[in-house]
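Structural description and commentary
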Amino acid sequence: MTIVNARTIDDALAALAERPDSLLLQGGTDSMVQMNFGRLDPRAVVSLRGIRELREWRALPDGSTFIGSGLPYASMEKGGLAARLPALAEAARTVGSPQIRAAGTLGGNLGTASPAGDGLPVLRALDATVHLRSATSSRDVPVAEFLVGVKRTLRAPGELIVGVTVPPAPGWQGYAKVGVRNAMVIAIASACLARDGSAVRLALGAVAPTVVRCPAAERAAAAMLAGGRRPSRDDAREFGRIASSECSPISDHRSTAAYRTHAVAVVAARLLERSFHG
Amino acid sequence: MAEHYTLRVNGASHDVRDAWLGESLLYVLRERLGLYGTKGACEQGECGSCTVFLDGAAVCSCLVLAASAEGCDVTTIEHIGSDDEPSDVQRAFVEQGGVQCGFCTPGLVMAVHALLDANPSPTRPEIREAISGNLCRCTGYGRIFEAVDAAIRERGA
């Protein structure tokens, strides 16, 4: 095994150009588990730990927000970024434990592409764009296209996830996650809802091969909320029921498909109601 | 990079030679540097017993590729206190009965130091959240909360 401890994005891209199959290691919260248990034995590693420019976020002039792929979740929980993207702050706070949040990143969530990645429903609901660079090219891909399936993405060998841009999201946004306890939990089901008037965006995590949007539930919400109406309890339940019909959960060691279907209906309904209560 | 790297641990430089580059920081601390205070259990970031400071942030050393920590400052429990001079948090754990088998203690002490350095007067929910990544199977956590409360009182005094 070889390792390159990159200090700049250019360092990392040069190392990737030489060994396009290198494992990109950021916080290590996923890959190191695989390595500790002998399930992953990369021939080449490019460590991104030392790249300061990946650990930054900034407000862009058009109101959107750039988040570097190496910014740890701990930096999303509070402060300026949390004020801009409260749903992301809520999602960040559900990640693992403080130790995990000090290490884990959105770049890792995107690169790993676990269906249960906690940050992914937020990026999907808010229509974020992923920025990819290689030594010779760069491209921007909507999160919706970037995530292809379970642990599968559009990232090509030799490419680095530099960061994401989240467009301005006026209105309310929130996040919810179901697991067996409050901390150290991999989501059984998760959801992010953003609402601007009657325009509702809903993304679900851990209930399909990749994070999914719920176009039918979003259309139903637009009809329910037309003319500035507030949703009744039955409206919210119906919204949740439709959302749960738009996912395809599996049964595994963490939960059953039936429970996941029920759980996403509940959290989707709750988020819609919560969007009216602040 | 050759199969040789340098780690800065507790202010001292250590050369790591002829090691598989895939080793975790936890493994290298214990098995190559002889720093046995940091405990290893789950090796998947769930139990917190391997908590160290990496450039000041409390992290699970089992999830840090040791060779990627070159250039970082690693602080382990050995640097927090000694038998003769325990830290205030360590003393509070002893005095309040927060230590039973002791296996989780180094990780918890690191997590509590990280908490109190960032927030000198945390609420009980903040304390619970701060140690939510550290498993203790002996105490039921009651005495650990009392120890944290005692350390907070002492610092405030």
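Figured I'd write up the structure that's included with this text. Throughout this description, residue numbers start from 1 for each chain and increase along the sequence as written. In the order they appear in the text, chains get letters beginning with A and ligands get numbers beginning with 1. For a predicted model such as this one, the threshold for reporting local features is a pLDDT of at least 70, and the threshold for listing and counting side-chain atom pairs is 80 or more; totals across whole chains, interfaces and linings nevertheless cover every residue.

**Here we look at helix H1 (residues 9–18) of chain A**
Residues and elements named next belong to chain A. Partly exposed residues are those whose C-beta has more than 12 but fewer than 20 other C-beta atoms within 10 Å; 20 or more makes a residue buried and 12 or fewer makes it exposed, with C-beta atoms placed from the backbone. Helix and strand definitions here come from DSSP, where helices need a minimum of 4 consecutive H or I residues and strands a minimum of 2 consecutive E residues; each element is numbered from the N-terminal end. Burial in H1 covers these residues: Ala12, Leu13, Ala15 and Leu16. Projected down its long axis, H1 carries its buried residues within an arc of 160 degrees, all on one side. Buried-residue contacts for H1 involve strand S1 (2–5), strand S3 (44–47), strand S6 (129–133) and strand S10 (160–166). Here, the arc refers to the directions that run from the helix axis to the C-beta atoms. Contact between two residues is assigned whenever their backbone-derived C-beta positions fall within 7 Å.

**Some details on the nonpolar core**
To form a nonpolar core, buried Ala, Val, Leu, Ile, Met, Phe, Trp, Tyr and Cys residues must be joined through C-beta atoms within 7 Å. Formed by 138 residues in total, the largest nonpolar core has its most connected members in A:Ala191, A:Leu202, A:Leu204, A:Val264 and A:Ala268. Tallying contributions element by element places helix H11 (residues 257–277) of chain A first for this core, with 8 residues. For this core, the domains that each give at least three residues are domain 1 (4–79) and domain 2 (88–156) of chain B. Leave out the neighbours within four places in its chain, and A:Val264 touches A:Ala189, A:Ala191, A:Leu204, A:Val207, A:Ala243, A:Ser244 and A:Cys247. Either an automatic procedure or a domain database provided the assignment from which the domain bounds are taken.

**Section: the environment of A:Arg230**
One can find A:Arg230 in the loop between helix H9 (215–224) and helix H10 (233–244). When the C-alpha positions of A:Arg230 and A:Thr153 are compared, they lie 38 Å apart, and in sequence the two are 77 residues distant.

**Thoughts on the sheet that holds strand S12 (residues 189–196) of chain A**
Residues and elements named next belong to chain A. Strand order in this open sheet of 4 strands is S11-S12-S13-S14, and the pairing throughout is antiparallel. The two strands at the open ends of the sheet, each matched to only one other strand, are strand S11 (172–178) and strand S14 (212–213). The criterion for strand pairing is that DSSP finds at least two bridges linking the strands in question. Two strands pair when backbone bridges link them, and S12 and strand S13 (residues 199–205) are joined in this way by 7 bridges, in the antiparallel orientation. Residue Ala191 lies in a different strand from S13, and its bridge partner there is Leu204. Sheet contacts for helix H4 (residues 86–93): S11 and S12; angle to S11, the most-contacted strand, approximately 20 degrees. Every axis corresponds to a line fitted to the C-alpha atoms, with the helix fit spanning only the stretch in contact, and the corresponding angles, defined between N-to-C directions, vary from 0 to 180 degrees.

**Points about the environment of B:Ser13**
Its location among the elements puts B:Ser13 in strand S2 (residues 12–17). For B:Ser13 and B:Asp73, which are 60 residues apart along the polypeptide, the C-alpha to C-alpha distance reads 9.7 Å.

**Some details on the interface of chain A and chain B**
The interface is formed by 26 residues belonging to chain A together with 27 residues belonging to chain B. Residues are grouped as follows: nonpolar covers Ala, Val, Leu, Ile, Met, Phe, Trp, Tyr, Cys and Pro; charged covers Asp, Glu, Lys and Arg; every other residue, Gly included, is treated as polar. A per-class count over the side of chain A that touches chain B returns 14 nonpolar, 10 polar and 2 charged.

**With respect to the sheet that holds strand S1 (residues 4–9) of chain B**
All names here are of chain B. One open sheet accounts for 5 strands, arranged S2-S1-S5-S3-S4; its pairing is mixed. The outermost strands of the open sheet, each flanked by one partner alone, are S2 and strand S4 (57–60). Going across the sheet, the axis of each strand differs from the next one's by a mean of 40 degrees, ignoring polarity. Of the pairings in the sheet, the one linking strand S3 (residues 51–54) to strand S5 (residues 73–75) comprises 2 bridges and is antiparallel in character. Bridge pairing in S5 places Leu54 opposite Val74. Along the sheet, helix H3 (residues 105–118) makes contact with S3 and S4, crossing S3 at roughly 40 degrees.

So, to be careful, I would describe these as geometric facts and stop short of saying anything about function.
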